[in-house]
Amino acid sequence: MNTKIIGTGYDLPAFTADNDYLATLVDTSDEWIVERTGIRVRHLAKEETTTSMAVQAARRALEHAGVSAEDIGLLIVATITGDTETPSTACRVQAEIGAHKAVAFDINAACSGFLYGVHVADAFIRSGIYRNALVIGAETLSKIIDWTDRSTCVLFGDGAGAAVLCAAEEPGILSQSIGSNGDKWEVLACQGRPNENPLCEKGGKPGYLTMDGQEVFKFAVKTVPVCVEEALEDAGVTADDVKYFLLHQANKRIIQAVAKRLGQPEEKFPMNLDQCGNTSAASLPILLAQMDEQGLLQKGDKLILSGFGAGLTWGACLLEW
Ligand code: COA
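What this report covers is the structure whose coordinates are included nearby.

So, how was this worked out
- Residues numbered from 1 in each chain as written.
- Predicted model: local features only at pLDDT ≥ 70, side-chain atom pairs only at ≥ 80, totals over all residues.
- Heavy atoms only, no water.
- Helix = DSSP H or I, 4+ residues; strand = E, 2+ residues; numbered from the N terminus.
- Buried < 20%, exposed > 50% of the residue type's maximum accessible area, 1.4 Å probe, protein only.
- Polar contact = N/O pair within 3.5 Å; in protein donor to acceptor, adjacent residues only side chain to side chain.
- Contact = heavy atoms within 4.5 Å.
- Near = heavy atom within 4 Å.
- Areas by Shrake-Rupley, 256 points an atom, 1.4 Å probe, with all protein chains shown as cover.

### Things to note about the side chain of Asp122
Part 1 of the reasoning: By the element assignment, Asp122 lies in helix H5 (residues 113-126).
Part 2 of the reasoning: Note on Asp122: relative accessible area 6%, which makes it buried.
Part 3 of the reasoning: Reaching out from Asp122, the side chain makes a polar contact with the side chain of Thr3 at a distance of 2.5 Å.
Part 4 of the reasoning: Sequence-distant contacts of Asp122, defined by excluding residues within four places in its chain, comprise Thr3, Ile173 and Gln176.

### Digging into the site of the ligand
Part 1 of the reasoning: Taken together, the neighbourhood of the ligand is formed by 22 residues, with Thr28, Arg36, Arg150, Gln214 and Asn251 sitting nearest.
Part 2 of the reasoning: A distance of 2.9 Å separates a nitrogen atom of the ligand from a polar backbone atom of Arg150.
Part 3 of the reasoning: At 2.5 Å from an oxygen atom of the ligand is found a side-chain nitrogen or oxygen belonging to Gln214.
Part 4 of the reasoning: Taken by itself the ligand offers 970 Å² of open surface, and the protein chains cover 74% of this.
Part 5 of the reasoning: Put simply, the parts of the chain that give the shell around the ligand at least two residues each are helix H2 (30-37), helix H6 (150-153), helix H7 (213-235) and helix H8 (252-262).
Part 6 of the reasoning: With four residues, H7 is the single largest residue contributor to the shell around the ligand.

Structure follows, in C-alpha cells:
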C-alpha cells in the first residue's frame, strides 16, 4: 500500500506588509531585504488566527480531494504558534470542520513540521491503521516575532497549507529522509512561556523568536542537499528525474546554494518567498497548493519536498504526483 497526496489547499491573511512598511518599524530597507533574502512581501494576520487559517486550508484541501471530513482518520497540525497551549490546534480544527472520527494532534517541529506530519501520516497509512489523513501546516509567526529586531522580523509571515493523504495502489510517497539534532536547539528558539508556579521566581526568557542567522544558514545549506540525496538514493531516483524541488521558503540564497550543490538548474526550484516570506510549517504546503492550483503538477511528476528548522530539524520527501 502507498500513500498519495490527493488534495491541497492554502490560506493567507488578507493584510500584506511590504519591505517599505517594515522600514517604518525598524532600521532596514527594501534593497537590503531583497538582496539578502529575496523576500518582498509577507502576509500578516490581523483578524485571522492559526486555527482559522488551518480550517480554511483544510476545507479547500478536502474539497479538492473530494473527501468528506467525516472520512478523515488522522488529523495532524504542524505548528509552533497554536492559538492555545492546550487543546491542540488539531482538536480545534477537528471541531470546526467536523472530522469527528479523526485522531487529532499537533506536531512541533518548526519549519520541518509539515514534513514530520507527512512522515507520521505515511507510516499510519502504510500500516493500514488509517486510510485518509489530513496534514496541515499553520502559523501566525507574527505573534512570536520581536518587532524591534531587524534581523528576524523581516523574514517571517503568516499562513496555512494543507494536504489530504490517502492509501493508494499507485505510487505516491517514494521515500523520506528525516532527522533532528537537539544539540543545536539554542540556534533558533522561542523560550518564553508563562510560568504560574508559585515556587518559581517570576520572570524568565523573552516570548519571542531568537536566532543565530548565520548558523541557521550554514546548517540549511549543508543539511538539505544531504537529506535530499538520501531520499533519492533510497528510491533509486536521480536528481535529474525530479521535476521540481520544493524547498522550505526561508531565503532565496539558501535555495540557490542548495540548487548549486545538487547540480540542478534554479528553474526546478519554485519560490513564493518573495510574496509570503518564511511561514515556517506552512511554507511547504502553501507552495505545493499554489503550484497545484496553477496546474503545474502533472500525474507522474516526481517532486522533492525538503525543509529545515528549529530543533534543529530537517527532512526530505520524494513523491510521485
Ligand atoms: N536590514 C538591514 N541590515 C540588517 C538587517 C536588516 N533587516 N538585518 C541584519 N542587518 C545587518 C546586521 O546588523 C549586520 O550589520 P553589522 O555588520 O553592522 O553588524 C549586517 O546586516 C550583516 O548581518 P548578517 O547577520 O551577517 O547578515 P547575513 O548576510 O547573514 O543575513 C540573514 C542575515 C538573517 C538574512 C541570514 O543569515 C539568513 O537568512 N539566515 C538564515 C535564517 C533563516 O532562514 N531562519 C529561519 C530558518 S527556518
